[in-house]
Amino acid sequence: MFGYRVPAPDEAMLISGGKFGMKGAPFRVVIGHGAFATPVFRKVRYLTLSMQEAEVAEQCVTKQGIALNVRSVIAFKVGNDEESIVNAGQRFLSDQDQMSVLTGRIFAGHLRSIIGSMTVEEIVTERQKLASEVLDGSKGEMATIGLIVDSLQIQSIDDMGAGYIAAMAAPNNAAIQRQAKIAQAQADQAAAQAEQDSARKQAEYARETSVVRAQYKAEIDKAQAEAAQAGPLAEAQAQQAVMEAQAVLAQRNAELRQQQLIAEVVKPAEAEAERVRVLAMADAQKTRIQAEAAASNNRVALDQLLINQLPQIVKEAAGGLAQANVTVLNGADGLGEIAAGLVSQGLSILEAVRKGMPTQLTGLGSGSAGPDANGDQQSAG
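The notes below deal with the structure included here.

Quick notes on the rules
Residues numbered from 1 in each chain as written. Predicted model: local features only at pLDDT ≥ 70, side-chain atom pairs only at ≥ 80, totals over all residues. Heavy atoms only, no water. Patch = residues over 30% accessible without salt bridge, like charges linked within 9 Å, V, L, I, M, F, W, Y side chains within 5 Å. Areas by Shrake-Rupley, 256 points an atom, 1.4 Å probe, with all protein chains shown as cover. Salt bridge = Lys/Arg side-chain N within 4 Å of Asp/Glu carboxyl O. Helix = DSSP H or I, 4+ residues; strand = E, 2+ residues; numbered from the N terminus. Buried < 20%, exposed > 50% of the residue type's maximum accessible area, 1.4 Å probe, protein only. Pairing = 2+ DSSP bridges. Polar contact = N/O pair within 3.5 Å; in protein donor to acceptor, adjacent residues only side chain to side chain. Axes fitted to C-alpha atoms, helices over the stretch in contact; angles between N-to-C directions. Contact = heavy atoms within 4.5 Å. Parallel < 35°, antiparallel > 145°, perpendicular 65-115°, else oblique. Left-handed = near helix turned anticlockwise from the far one by under 90°. Core = buried A, V, L, I, M, F, W, Y, C linked by side-chain atoms within 4.5 Å. Expected span 1.5 Å × (residues − 1).

### A word on a nonpolar patch on the surface
Working step 1: On the surface, L261, I262, V265 and V266 cluster together into a nonpolar patch covering about 280 Å² of accessible area.
Working step 2: Tracing the backbone through its elements, the reader meets V265 in helix α5 (residues 164–323).

Have a look at this one:
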């Protein structure tokens, strides 16, 4: 739009030619938005608000009188508030590069002043303290010209070959070198120990590997031997099984043959023997019965014969008594007893003859009453 201007985000637009700005400033400040500026009647200028830096390399003398060359870098910019922009615009709008030059000079003066109140040891060991004191000392002056400092960094401190800083660092260097040597020795020892441990572990691993390989080889050899023996062993087992089966079959055949022989030979022989035995027993029984029958018939005939001869026997016995000198003491009773004895002796002779015992016939005379020593017959009573 004609006459409408907009500043960049890192710029402040200064419009002059019209109504004065704040506090009697000869221009009006516009930040972050646009504004109308009538051509010919208004003039627009821009002041940078971006970050800038200034380098300072200054020779300073310490509290101990030792000259030091100090290099530092300052990061600064124009303040964002309108007052700082007005102050900076009035001083640097026509030549904005002068902001770095002036800032370097201001910090160089404060740097010499602060270093002059410190020792080398403090400067070397407390750089942050040095930077803070320099910032605090220059803050008022920087605000007056509308600038603010974001940071101050001490880059280097050099005694320009005097050797003071080196001498100051010598004990530390010696201690550091000693510690470095100790650390190196410890590192070498640790490395040697690690190397020994590694060699030992490698030896153990090699030994374990050899053992495992030997075990594997033994297992492989065993498996190969078993595989090589598996065929003959299986064949032998098969032959043994066949022989056992043949033995079982032979035993069964023998048992069958034995049963067959028993059925074909023994049983018929036993049956024949039983038949013969039964026939023999029957014949024997028949013969015994026949013999008993014959003996019975003969005995009946003999008994009949003896019975028929009994009177003659008694008669002969009585005849013998008649020729003997017998004295009868008890009269008729004695005669009866003698007669009864004769009959009894005759019956005894008959029984002896029936049983086939001739000795009893011989003893018949000895059992009868005979004459005593006087030739008289004694009676049993």
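### Some points on the pairing of strand β7 (residues 67–78)
Working step 1: Counting buried positions along β7 gives nine out of 12 residues, so the element sits mostly inside the fold.
Working step 2: The turn linking strand β6 (residues 52–61) back onto β7 is made up of five residues, and G65 within it adopts a positive phi angle of 85 degrees.
Working step 3: With 10 bridges joining them, β7 and strand β8 (residues 147–158) adopt antiparallel strand pairing. Bridging across to β8, A75 finds its partner in S151.

### Remarks on the side chain of T48
Working step 1: Among the structural elements, T48 can be located in strand β5 (residues 43–48).
Working step 2: A relative accessible area of 19% means that T48 is categorised as buried.
Working step 3: Within the structure, the side chain of T48 is placed 2.8 Å from the side chain of S50, a separation counted as a polar contact.

### Here we look at the sheet that holds β6
Working step 1: Pairing within the open sheet is antiparallel, and its three strands lie in the order β6-β7-β8. Two strands close off the open sheet at either side, each with one partner strand: β6 and β8. Each strand axis lies, on average, 20 degrees off the axis of its neighbour in the sheet, ignoring direction.
Working step 2: On the sheet, helix α2 (residues 98–116) packs against β6, β7 and β8 and is oriented at approximately 35 degrees with respect to β6.

### Some thoughts on the packing of α2 against helix α4 (residues 127–144)
Working step 1: Running from N to C, α2 and α4 point in directions that differ by 130 degrees, and their axes come no closer than 9 Å. The orientation of α2 relative to α4 falls into the category oblique. Two packed elements cross with a definite hand, and for α2 against α4 that hand is right-handed. Here T103, I106, F107, H110, L111, I114 and I115 of α2 lie close against α4, whose contacting residues are L130, E133, V134, L135, G137, S138, E141 and M142.

### Notes on the sheet that holds strand β3 (residues 27–30)
Working step 1: Strand order across the open sheet formed by three strands is β3-β2-β5, with antiparallel pairing between neighbours. Whereas interior strands pair on both sides, the edge strands pair on one side only; in this sheet they are β3 and β5. Sheet twist, expressed as the average angle between the axes of neighbouring strands with direction ignored, equals 30 degrees.
Working step 2: The sheet contact formed by strand β2 (residues 11–16) and β3 spans four bridges and is antiparallel. Looking at the pairing, I15 lines up with R28 of β3.
Working step 3: The strands touched by helix α1 (residues 82–92) within the sheet are β2, β3 and β5, with β3 carrying the most contacts at an inclination of about 130 degrees.

### Focus: the pattern of salt bridges
Working step 1: Evaluated as defined, the whole model comprises four salt bridges.
Working step 2: A salt bridge links E126 to K129; the shortest N-O distance between them is 3.6 Å.
Working step 3: Overall, K129 belongs to the partly exposed group, its relative accessible area being 38%.
Working step 4: Salt-bridge contacts for R200 lead to D197; the nearest nitrogen and oxygen are separated by 2.6 Å.

### Side note on the nonpolar core
Working step 1: Within the largest apolar cluster, 41 residues are counted, with the highest numbers of intra-cluster contacts made by L68, V78, I85, L111, L130 and L147.
Working step 2: With seven residues, α2 is the largest single contributor of residues to this core.
Working step 3: When sequence neighbours within four positions are dropped, the list of residues in contact with L68 reads E58, Q59, C60, T62, V120, I123, I157, D158, D159, M160 and I165.
Working step 4: M13, I15, V30 and A37 belong to the second largest nonpolar core, which has six residues in total.

### Side note on the environment of G161
Working step 1: Secondary-structure assignment places G161 in the loop between β8 and α5.
Working step 2: G161 sits in the exposed class, given a relative accessible area of 68%.
Working step 3: Along the primary structure G161 and L68 are separated by 93 residues, whereas in three dimensions their C-alpha atoms are 9.7 Å apart.

### Details of unusual backbone geometry
Working step 1: Even without a glycine there, the phi angle at M160 is positive, about 60 degrees.
Working step 2: Structurally, M160 can be placed in the loop between β8 and α5.

### A word on α4
Residues three or four positions apart in an α-helix share a direction because the helix packs 3.6 residues into each turn.
Working step 1: Relative to the 26 Å expected for 18 residues at 1.5 Å per residue, α4 spans 26 Å between its end C-alpha atoms, a close match to the ideal helical length.
Working step 2: Listed in full, the buried residues belonging to α4 are L130, A131, V134, S138 and M142.
Working step 3: Taken together, the buried residues of α4 touch β7, α2, α3 (120–125) and β8.
Working step 4: Just downstream of α4 lies G146, where phi reads positive at about 85 degrees.

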